[in-house]
Amino acid sequence: MSAVFMHMGVHSSPIESSKRSCYNDDELFRREHQMGALLRPERNNQMTEQDYINEQIRLSAQLHIENTVNPAQVQAVAGVDLAYWKEADGQEYAVCCIVVIDYHTAQVLETASHADQINVPYIPGCLAFREIPLFLQTYQKVTVPPDVLFFDGNGYLHPRHMGLAAHAGILIQKPTVGIAKSYHRIAGVDFVMPPNEERAYTDIEINGECYGRALRTHVNVKPVFLSVGNAIDIETAMQMTNHMITKESHVPVPTRLADLMTHEKRKELLQKGVMG
């Protein structure tokens, strides 16, 4: 592992981008309209739980879990994470952070963030509808196009295969991977704890289908839960995950950096009085 992967801070990264996005507004709104994703908050928060589920079922037909990624040709990888908080008046907010790194050197190429109110209620299994609008607003600020995006959360490892990584991958038409720190049972199925060995894993199979993997990235640490999002297979996703693990962290560098950045941004926003 290259020594540059040992650096886990975001302070040396370039200033957050305000330049032209790699994902323009016309393209965003065309895909939003075409897919009927109901991403606008004023529509999204009027949906019922069954509306959300129906939309997930519809979108899941557009998932591509065939591999399109050659790790040797990957240049930039992004990590995505969100952090939430509530103000005294009870209004909930969140900030989404994206950190783009060089896959081979771990150099931070770009960071981007966006914060806003969260008006979509929490519904188990429908978390992506709270986070997708904020993610898309942040992704529009990214000017270094990532080849693969790693999300702190699930992808295919979801009752309807529509965790955040899968949902986002369909909308932005990019390879995506989900890395979750905890497992929520699906159809009553528990995961099998992998052996206490570095890079040991067990598949999470439900009704004969592999939904994801429990992957132990270090000895004597809890496993992470790996699943594909879109346009990548589980073997390639695991290969890339293992490549970006450091001694300091049991999760891949880009998601770790995005996690650190969300805490920094949330603290800044709280000190400023949130959104001004």
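Attention here is on the structure that accompanies the text. (Residues numbered from 1 in each chain as written. Predicted model: local features only at pLDDT ≥ 70, side-chain atom pairs only at ≥ 80, totals over all residues. Heavy atoms only, no water.)

**A closer look at the overall build of the protein chain**
Right, so step 1: Broken down by element type, the protein chain carries seven helices and eight strands.
Right, so step 2: Expressed as a percentage of its 276 residues, the buried residues of the protein chain come to 55%.
Right, so step 3: The contacts in the protein chain between residues at least 6 apart in sequence include a share of 68% that link residues at least 24 apart.
Right, so step 4: For the protein chain, the computed accessible surface area is about 12600 Å², with 49% contributed by carbon and sulfur atoms. (Helix = DSSP H or I, 4+ residues; strand = E, 2+ residues; numbered from the N terminus. Buried < 20%, exposed > 50% of the residue type's maximum accessible area, 1.4 Å probe, protein only. Contact = heavy atoms within 4.5 Å. Areas by Shrake-Rupley, 256 points an atom, 1.4 Å probe, with all protein chains shown as cover.)

**As for the nonpolar core**
Right, so step 1: Core analysis: the biggest nonpolar cluster contains 39 residues, and Val-148, Phe-150, Val-177, Ile-232 and Met-240 have the highest contact counts within it.
Right, so step 2: If sequence neighbours within four positions are ignored, Ile-232 has contacts with His-64, Ile-65, Glu-66, Asn-67, Thr-68, Val-69, Val-148, Thr-176, Val-177, Ala-237 and Met-240. (Core = buried A, V, L, I, M, F, W, Y, C linked by side-chain atoms within 4.5 Å.)

**Digging into unusual backbone geometry**
Right, so step 1: A positive phi angle, close to 55°, is found at Asn-207, a residue other than glycine.
Right, so step 2: By the element assignment, Asn-207 lies in the loop between strand 6 (200-206) and strand 7 (209-216).
Right, so step 3: The phi angle at Ala-231 is positive, at roughly 60°, despite the residue not being glycine.
Right, so step 4: Mapped onto the secondary structure, Ala-231 falls in the loop between strand 8 (224-230) and helix 6 (234-243).
Right, so step 5: You can call Ala-231 buried: its relative accessible area is 11%.

**Description of helix 6**
Right, so step 1: The element helix 6 is extensively covered by neighbouring structure, given that seven of its ten residues are classed as buried.
Right, so step 2: Where helix 6 is concerned, the buried positions are Ile-234, Thr-236, Ala-237, Met-238, Met-240, Thr-241 and Asn-242.
Right, so step 3: Buried-residue contacts for helix 6 involve strand 1 (76-86), strand 4 (148-152), strand 5 (176-180), strand 6, strand 7 and strand 8.

**Side note on the environment of Ala-166**
Right, so step 1: With respect to the helices, strands and loops of the structure, Ala-166 is situated in helix 5 (residues 164-172).
Right, so step 2: Using a relative accessible area of 0% as the deciding quantity, one classes Ala-166 as buried.
Right, so step 3: In this structure, the C-alpha to C-alpha distance between Ala-166 and Thr-176, residues ten residues apart in sequence, is 6.8 Å.

**A short note on the environment of Lys-174**
Right, so step 1: Summarising the element assignment, Lys-174 is placed in the loop between helix 5 and strand 5.
Right, so step 2: A sequence separation of 106 residues divides Lys-174 from Thr-68, and the C-alpha atoms of the two residues are 9.5 Å apart.

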